[in-house]
Amino acid sequence: MTESFWWQRGIVYQVYPRSFMDADGDGVGDLAGIRARLDYLRWLGVDALWISPFYPSPMADFGYDVSDHCGVDPLFGTMADFDALLAEAHARGLRVILDYIPNHTAAAHPWFVESRRSRDSPKRDWYIWRDPAPDGGPPNNWRSAFGGSTWEWDEATGQYYLHIFLREQPDLNWRNPQVEAAMLDVIRFWLDRGVDGIRVDAVQNVIKDELFRDNPPNPEYVAGPGRDPFDSLLRVYSGDRPEVHDVIARMRGVLAEYGPDRVLIGEIYNRVERLVAYYGEGGRGCHFPYNFQLVTLPWDARAIDAAVRRYEELLPPGAWPNWVLGNHDRHRIATRAGAAQARVAAMLLLTLRGTPTLYYGDEIGMHDVEIPPERVQDPWEKNLPGIGMGRDPERTPMQWDDSPNAGFTTGTPWLPVAEDFTEVNVQRERDDPRSLLSLYRRLIELRRAEPALHAGAYEPVEAKGDVLAYVRSGEGRRFLVALNLGAETQSLEARRGTSGTVVLSTNPERDGEGVEWTVVLRGGEGVVVRMD
Ligand code: NOJ
């Protein structure tokens, strides 16, 4: 058992600030709203909140287009509100992780305004400007993550600038040491205020191929609904370049200036073989590169079993694992896996080895909300309508109670509230021992109380069909986790002689049940068995 830091023991809870709690009645969540709900997070038992961006922004990408990295957008409050939130979180033993967006700024950022002023601007090279290709078109074939080319023509200065995301999000040139110095100072600004870590947005994109070579076609890509045209090319030159690891090492160095306790989490969607490289050589990379396999894989026991084993095998020595079940960019687990699987998913997330990250609302079973066309907000959906890319469905207001707008706002919410909010809400589930929220809370409690579950070893168990099973062990205790990811009854033939007691089940009636050899699981059922 090797764990020693809070971010290894702890559980991270992601707050999407627009949608968590609105204190001023303008229909958009804010920092004062988050502060008002800290007691809920403490009650739930999580250890840290990661807050998605609240910096000044034109909101083309809802805050991921930053126009001032060291401020608070008035929509979310003031710096005094931030300081109060941080102080009150810390007073409750909750850590605070901020989003750090190094790859790009808003086009409205003063740096970019200056950069695009003229080819001779002292900040010209702070962004990535290129002449047209010989045919007058864009410099290469790279595609933007949100549709179309990654290059935007600037008529006034006769060059293209690069934007991996929206045209309102020009990419910074991290090969320029002045850019790096300015952006590393942003980390210091927030660490000086006392934040406990950063989640680094799109970090693999920060460095691009020096020669700007074309990305090759992806031979596996098939166009169609739910297929992202961004995947039609293999993004081998537009990101994930070897030099990015030096940049991350320098970011990590800034965190280290503040002691060993501040965490660096990288947002990296990539094959697990590539992902693990982001731990960095000699621990100079991310404390953990976010592992999105539970978000990207089909909800299939065999696929997930294979992925967990492979990930465990590939982790470099000393690397700490982590698991994510949902976030503001992907459809909610209750929708992807189906409502009947939400309890199994909770048990999986909270019993695997490594730090779990929970997305707000998943703990009460919030699902994707269908957004009528006239209420669509997300630029991704607006650019590529109707193929399922939009992220509004998973960003709808948190459901606190059964009052109007689920207690989220007294105004008009920026996205519609789910229709079933009178059933699915914190207030109702809090006092119901059978609710999903109660299950989450008990799982968190058990994970915290049992070193085997938060720090212990992971051992796969052979299973068939829809059953996923593994053993977690440490400090003299062994727990068998058996989950049925399907709708039919299944059984797990455990090793001969296996016996134990169910300490926690998705179905509370089973708690305390004795187990001998075989574990029978109804559809959507999971158990944690303390082995004798
Ligand atoms: C990843 C963020 O999670 C997503 O919401 C955002 O649109 C892009 N990066 C661009 O910053």
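Within every chain, residues take consecutive numbers counted from 1 along the sequence as written. In keeping with the predicted nature of the model, local features appear solely for residues at pLDDT of at least 70, side-chain atom pairs appear and are counted solely at 80 or more, and the whole-chain, interface and lining totals rest on all residues. With hydrogens and water stripped out, all remaining heavy atoms of the structure feed into the side-chain values.

Draft legend 1. Up close: the sheet that holds strand S9 (residues 288-289). Reading across from one edge, S9-S8-S7-S3-S2-S1-S11-S10 is the order of the eight strands in this open sheet, with parallel pairing throughout. On the outer flanks of this sheet lie S9 and strand S10 (322-324), each paired with one strand and no other. Note on contacts: a residue pair is in contact if any heavy atoms of the two residues lie within 4.5 Å. Note on definitions: angles span 0 to 180 degrees between N-to-C directions of axes, and those axes are lines fitted to C-alpha atoms, for helices only across the stretch in contact. Counting from the N terminus, the helices are the DSSP runs of H or I reaching at least four residues and the strands are the DSSP runs of E reaching at least two. This element, helix H7 (residues 177-193), spans strand S3 (95-100) and strand S7 (197-200) of the sheet and lies at about 160° to S3. Whether two strands pair depends on DSSP finding at least two bridges between them.

Draft legend 2. Up close: the site of the ligand. All residues in the neighbourhood of the ligand are listed as Asp61, Tyr64, His104, Phe146, Phe165, Arg199, Asp201, Glu267, His328, Asp329, Arg391 and Arg395. Any pair of N or O atoms that falls within 3.5 Å is considered a polar contact. Within protein, one atom must be able to donate a hydrogen and the other to accept it, and sequence-neighbouring residues count only if both atoms are side-chain atoms. At a separation of 2.4 Å, an oxygen atom of the ligand approaches a polar side-chain atom of Asp329. If the ligand stood free it would expose 300 Å²; the protein chains cover 97% of that surface. Three classes are used: nonpolar for Ala, Val, Leu, Ile, Met, Phe, Trp, Tyr, Cys and Pro, charged for Asp, Glu, Lys and Arg, and polar for all others, with Gly counted as polar. When its residues are assigned to classes, the shell around the ligand shows three nonpolar, two polar and seven charged. Near residues are defined by distance, with any heavy atom within 4 Å of the molecule or strand qualifying the residue. Residue burial considers only the protein chains on display, and all accessible areas are found by Shrake-Rupley using a 1.4 Å probe.

Draft legend 3. Looking closely at unusual backbone geometry. Residue Asp240 is not a glycine yet carries a positive backbone phi of 55°. Inspection of the secondary structure puts Asp240 in the loop between S7 and helix H8 (244-256). Using a 1.4 Å probe on the protein chains alone, a residue whose accessible area is under 20% of its type maximum counts as buried, one over 50% counts as exposed, and one in between counts as partly exposed. Taking relative accessible area as the criterion, Asp240 reaches 12% and is therefore assigned buried. One non-glycine residue, Ala406, adopts positive backbone phi at about 55°. By secondary structure assignment, the location of Ala406 is in the loop between helix H14 (379-383) and helix H15 (426-430).

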